[in-house]
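Structural characterization, general
Now for the letters of each chain:
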Amino acid sequence: GTAANGLGTGLLFYGQDNAGAGQNMARIASQVEASSSSAFLANLSFYTVGSGGLLEKMRITGNGQLLLATTTIPSGYGMNIATSTYVYGNLTVSGNSIFNNATTTSLAVTGTATTTFAGPITSSSGDFIIAGNSANDVLLNPYGGNVGIGTAGPIAKLSVGGAGLGGSVISA
């Protein structure tokens, strides 16, 4: 016979809960992704028990893509992590990288160590914004050539919105 998409096999881990009832605990499964005369791809999925029962938490596709907390991956990407992620230690990102949350494209860098960016950092508008307690605390606008502190729209080479040292205000 010919393998069809969706067919596969797996290993089910079964145990007892604290009341002694039998429960599915985890599963590792392989599944055919694509089967044709020119290609055969299969994935390997890992399932664990959460509040919704036995759910897929990680998948490695036949193309080597990694999916965490999701079962979809945008075309052209090698990894999709659909949850908050903490990296302890060094993280090196090369190539074009998109950092995105549900409402805004963002990259948060925290800690006491020095952070070095070895290339341009841009947003879809071309602005680089350093935000603290309020939005747009520092704005570097490479297309206009202006720098803003406390303003989202710098109108001079240096625009400062709000009170400066000693209560003074610098404006254009």
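Refer to the structure printed above.
Overview of the structure.

The rules behind the values
- Residues numbered from 1 in each chain as written.
- Predicted model: local features only at pLDDT ≥ 70, side-chain atom pairs only at ≥ 80, totals over all residues.
- Heavy atoms only, no water.
- Helix = DSSP H or I, 4+ residues; strand = E, 2+ residues; numbered from the N terminus.
- Buried < 20%, exposed > 50% of the residue type's maximum accessible area, 1.4 Å probe, protein only.
- Areas by Shrake-Rupley, 256 points an atom, 1.4 Å probe, with all protein chains shown as cover.
- Polar contact = N/O pair within 3.5 Å; in protein donor to acceptor, adjacent residues only side chain to side chain.
- Contact = heavy atoms within 4.5 Å.
- Pairing = 2+ DSSP bridges.
- Axes fitted to C-alpha atoms, helices over the stretch in contact; angles between N-to-C directions.
- Phe/Tyr/Trp six-rings, centres within 6.5 Å; stacked < 30°, edge-to-face > 60°.
- Lys NZ or Arg CZ within 6 Å of the ring centre and 35° of its normal.
- Salt bridge = Lys/Arg side-chain N within 4 Å of Asp/Glu carboxyl O.

Right, let's talk about the overall build of the chain for a bit. The secondary structure content of the chain amounts to 0 helices and 10 strands. In the chain, the order of α-helices and β-strands from amino to carboxyl end is β-β-β-β-β-β-β-β-β-β. Scored against the burial criterion, the 172 residues of the chain give a buried share of 13%. For the chain, the exposed surface amounts to about 12,500 Å²; the carbon and sulfur share of it is 55%.

Here the focus is the side chain of Glu 56. Residue position: Glu 56 is located in strand β4 (residues 53–60). A polar contact of 2.7 Å, which involves the side chain of Glu 56, links it to the side chain of Arg 59. Beyond its immediate chain neighbours, meaning those up to four positions away, Glu 56 contacts Ser 45, Phe 46, Tyr 47 and Thr 71.

Across the sheet, which stays open at both edges, the 6 strands sit in the order β1-β2-β3-β4-β5-β6 with mixed pairing between neighbours. Each edge of the sheet is formed by a strand with only one pairing partner; in this case those strands are β1 (8–16) and β6 (79–81). Mean inter-strand twist for the sheet, computed between neighbouring axes without regard to direction, equals 20°. Two elements, strand β5 (residues 66–68) and β6, share 3 bridges in a ladder whose sense is parallel. Along β6, the bridge assignment pairs Leu 68 with Ile 81.

Attention shifts here to the packing of aromatic side chains. According to the stated counting rule, one finds 0 aromatic pairs in the structure shown. The positively charged end of Arg 27 is found above the aromatic ring belonging to Tyr 47, 4.1 Å away from the centroid.

We now examine the environment of Leu 158. Position of Leu 158 among the secondary structure elements: in strand β10 (residues 158–160). With a relative accessible area of 47%, Leu 158 lands in the partly exposed category. Spatially, the C-alpha atoms of Leu 158 and Val 147 are 5.0 Å apart, while their sequence positions differ by 11 residues. Beyond its immediate sequence surroundings of up to four residues, Leu 158 is in contact with Val 147 and Ile 149.

This brings us to the pattern of salt bridges. Taken as a whole and assessed by the stated rule, the structure comprises 1 salt bridge. Residues Arg 59 and Glu 56 are paired through a salt bridge, measuring 2.7 Å at the closest nitrogen-oxygen approach. Each member of the pair, Arg 59 together with Glu 56, is buried.

This part is about unusual backbone geometry. If you check the backbone angles, Ala 69 has positive phi at about 60° while not being a glycine. Relative to the helices and strands, Ala 69 resides in the loop between β5 and β6. Ala 69 sits in the partly exposed class, given a relative accessible area of 43%.

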